[in-house]
Structure formats: C-alpha cells, structure tokens
Amino acid sequence: MRVCKVVALLAVFAAPLLISSRAPAQKPAAPAMASATGAPNPQLNPQLLDDLVYANRFLADQGVLDGFGHVSVREDSNPARFLMSRSLAPALVTRKDILEYDLNGEAIDAEGRALFAERFIHAAIYRARPDVKAIVHSHSAAVIPFGVTGIGLRPIFHMSAFLGGGTPIFDIHDVAGDTNMLVNDNKLGDALAQVLGNHAVVLMRGHGSVDAGGSIPEVVFFAYYADVNARLQAQATALGATKFLTPGEAEKSAKNLTGQYGRAWDLWKEKVGKID
Ligand SMILES: [Zn+2]
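Residues numbered from 1 in each chain as written. Predicted model: local features only at pLDDT ≥ 70, side-chain atom pairs only at ≥ 80, totals over all residues.

**With respect to the overall build of the protein chain**
- Counting its regular elements, the protein chain contains nine helices and seven strands.
- Relative to its 276 residues, the protein chain shows a buried fraction of 38%.
- For the protein chain, restricting intrachain contacts to residue pairs at least 6 apart in sequence, the fraction spanning at least 24 positions comes to 66%. (Helix = DSSP H or I, 4+ residues; strand = E, 2+ residues; numbered from the N terminus. Buried ≥ 20, exposed ≤ 12 C-beta atoms within 10 Å, placed from the backbone. Contact = placed C-beta atoms within 7 Å.)

**Regarding the packing of helix H3 (residues 119-128) against helix H6 (residues 186-196)**
- The contact between H3 and H6 brings their axes to 8 Å, and the two run at 55°. It follows that H3 is oblique to H6 by the angle criterion. For the pair H3 and H6, the sense of crossing is right-handed. Where H3 abuts H6, its residues Phe120, Ile121, Ala123, Ala124, Ile125 and Ala128 lie against Asn186, Leu188, Gly189, Asp190, Leu192, Ala193 and Leu196.
- Looking at side-chain class alone, the contact of H3 with H6 contains ten nonpolar, two polar and one charged residues. (Axes fitted to C-alpha atoms, helices over the stretch in contact; angles between N-to-C directions. Parallel < 35°, antiparallel > 145°, perpendicular 65-115°, else oblique. Left-handed = near helix turned anticlockwise from the far one by under 90°. Nonpolar A, V, L, I, M, F, W, Y, C, P; charged D, E, K, R; others polar.)

**Thoughts on helix H2 (residues 46-61)**
- Taking 1.5 Å of rise per residue, 16 residues should cover 22 Å, and H2 covers 23 Å from first to last C-alpha, within 8% of that figure.
- Considered for burial, the residues of H2 that qualify are Leu48, Asp51, Leu52, Val53, Tyr54, Ala55, Asn56, Arg57, Phe58, Leu59 and Ala60.
- The inward-facing, buried residues of H2 contact strand S1 (70-74), strand S2 (81-85), strand S3 (98-102), strand S4 (134-138), helix H7 (216-239) and helix H9 (261-272). (Expected span 1.5 Å × (residues − 1).)

**Things to note about unusual backbone geometry**
- Positioned with a positive phi, glutamate 111 is a non-glycine residue whose angle comes to about 50°.
- Considering the arrangement of structural elements, one finds glutamate 111 in the loop between S3 and H3.
- Looking at glutamate 111, the number of C-beta atoms within 10 Å reads 13, which means it is partly exposed.
- Positive phi outside glycine occurs at methionine 181, with the angle close to 75°.
- Structurally, methionine 181 can be placed in the loop between helix H5 (172-176) and H6.
- Methionine 181 gets classed as partly exposed once you count the C-beta atoms within 10 Å, which come to 14.

**As for the sheet that holds S1**
- One open sheet holds the seven strands; their spatial order is S3-S2-S1-S4-S7-S6-S5, and the pairing between them is mixed. A strand with exactly one partner marks an edge of an open sheet, and here the two such strands are S3 and strand S5 (169-170).
- Note that strand S6 (residues 201-204) and strand S7 (residues 208-213) share four bridges and pair antiparallel. Paired with methionine 204 across the strands is glycine 208, a residue of S7.
- Lying over the sheet, H2 contacts S1, S2, S3 and S4, oriented at roughly 155° with respect to S1.
- Helix-sheet contacts for H7 involve S1, S4, S6 and S7, and the interaxial angle to S7 is about 145°. (Pairing = 2+ DSSP bridges.)

**Regarding the nonpolar core**
- Judged by nonpolar contacts, the single largest core of 66 residues is most densely connected at Leu59 and Val220.
- In terms of residues, this core owes the most to one element, H7, which gives ten residues. (Core = buried A, V, L, I, M, F, W, Y, C linked by C-beta atoms within 7 Å.)

**Section: the packing of H7 against H9**
- Following both chains from N to C, one finds H7 and H9 inclined at 80°, their axes separated by 9 Å at the closest point. One finds that H7 runs roughly perpendicular with respect to H9. Each of Pro217, Glu218, Val220 and Phe221 in H7 lies in contact with H9, whose residues at this interface are Tyr261, Gly262, Ala264, Trp265 and Trp268.
- Residues belonging to the contact of H7 with H9 are distributed by class as follows: seven nonpolar, one polar and one charged.

**What to know about the pairing of S4**
- Across the five residues that make up S4, a large majority, five, are buried.
- Residues Ala134, Val136 and Ser138 of S4 are buried on one face, and the alternating residues Ile135 and His137, pointing to the opposite face, are buried as well.
- Direction of pairing for S4 relative to S7: antiparallel, over a ladder of five bridges. By the bridge assignment for S7, isoleucine 135 is matched with alanine 212.

Now the structure itself:
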C-alpha cells in the first residue's frame, strides 16, 4: 500500500517536470482553455504569444517597465478577448504566464493565478477603441513630470511624431477623489479610455501613462519613443524656448514611420534574445 502511495506521489510531482523537458510538444486535442499545467490555449496565434513576451522583456530591459507595468494584445481571431500575463514583473514573463481576458477584464483561464489589479485599463480601452490591438501601461520615471505639471508631451523629433496630437492627462482625483491611484475597476477604466480618446498616449497624473497602438511592434515603438521624447523634451525646455514639430510635420512623419516599425522591432527582439 505504502509503495503504491509513493508511486502515485511520484507520478503527480514528476509529471510537470516531464512536460517541461523539451521533446517537441505534441499538440493536445485542442482544449478550449489553458491546461492545468498553465500552458496557453494551443489555439492561440503563437506569434502573438512570442511578440507579447518580447515586448515585456524589451520594455523592461529599457527601463520603460520595471517591476510593474504590463503589455497586452487583442486576440486576432477573437476581438472580444485580449492576452496579458498573470501578475508578474515584465522581465520574468514567459509564454506560459500569458492568460486570456474578456473585455470586462476577467481572465477566463486564471486557474487561481493572481491577476494585475489594473487589467481594467486594457479592457476599457479595447472596449472603447476597436482600432486598438495592443496596449502598454508603464510608470516610466521620465514621463511622470509631464503628467503632474500639466505640460504633457509634444513631439520633439520625428521619431515621436505620434505625439503630434498631444497627450491628454487623466487625473483620477477628478473622477473619484482620494484613491490609491490605481485604475482597478471598469468605471475608472472607462474614465481613462474617455480621456485617451483617439490619442496614442494618455498620461496619468501621479502614476504613469498608457500607450495604445495597432499592433505589438507599434505600441512598443510608442512606449519606447514616448519615454525618449520625455527625456529630450525635459532637456530641450531646460535649455530654452523649444520648437516642436508642427502639426503638419508630425502628421507627415507619423505616416512615414508606420512603415518603419519592423526595422526597430527586429532589432529589439534580437536584443532580447531567446525567450521561453
Ligand atoms: Zn499603474
């Protein structure tokens, strides 16, 4: 009896180890949701999963994200769902940490895993903006001063032409008075999405910012260059009167940049290296 028990225990504990050792994975018979081992739904586009991992790792490496912040992508085969990691520091995200969320911000396959408190940022923007396919929320230090002074970001060079429409500022105090500053429900998410409007970036007073793009490479480009722009704008305005891109320049540059994301994205993935 005792031997049987030991064998049973070994089977339970050894199974995940065997699964994680890499023989080419046999595709399970298409379950609708994540398996008990935490593997993502095999019906998901593997490219989206990979790109989401690359985006998390790259933005963490660049200091745009730190122990906090998150990246999501709308599912290409089901626009009513999006993908995002379980609650985890972005530099540690792997494919198997990625969960599916509905547009109310609820994970359909969490299986007890902790979720980001601010997942409602993503859900609300996907609800409000059908054109948005990927979102970054960060607490980038360079950007914070522009949200608390009301100055906002303006395009200081062609690489940040997507800031041409300016950056609206979401002040959570205007909506909900004294809070813990987190957008941790759908009501606050809707208020944030409303302030974002059709812009690429919204600043959050005393908190951070959100970037909304049409793809993962685009939104990573926005998050990266919004951060660069913030540093350059602070330097330039400290030096003296600053001439930003005109609205016409911003429009033409932004149009030109949309064809250039692939070049940066290939480099950034290379910098990240191997992912798991
Ligand atoms: Zn936050």
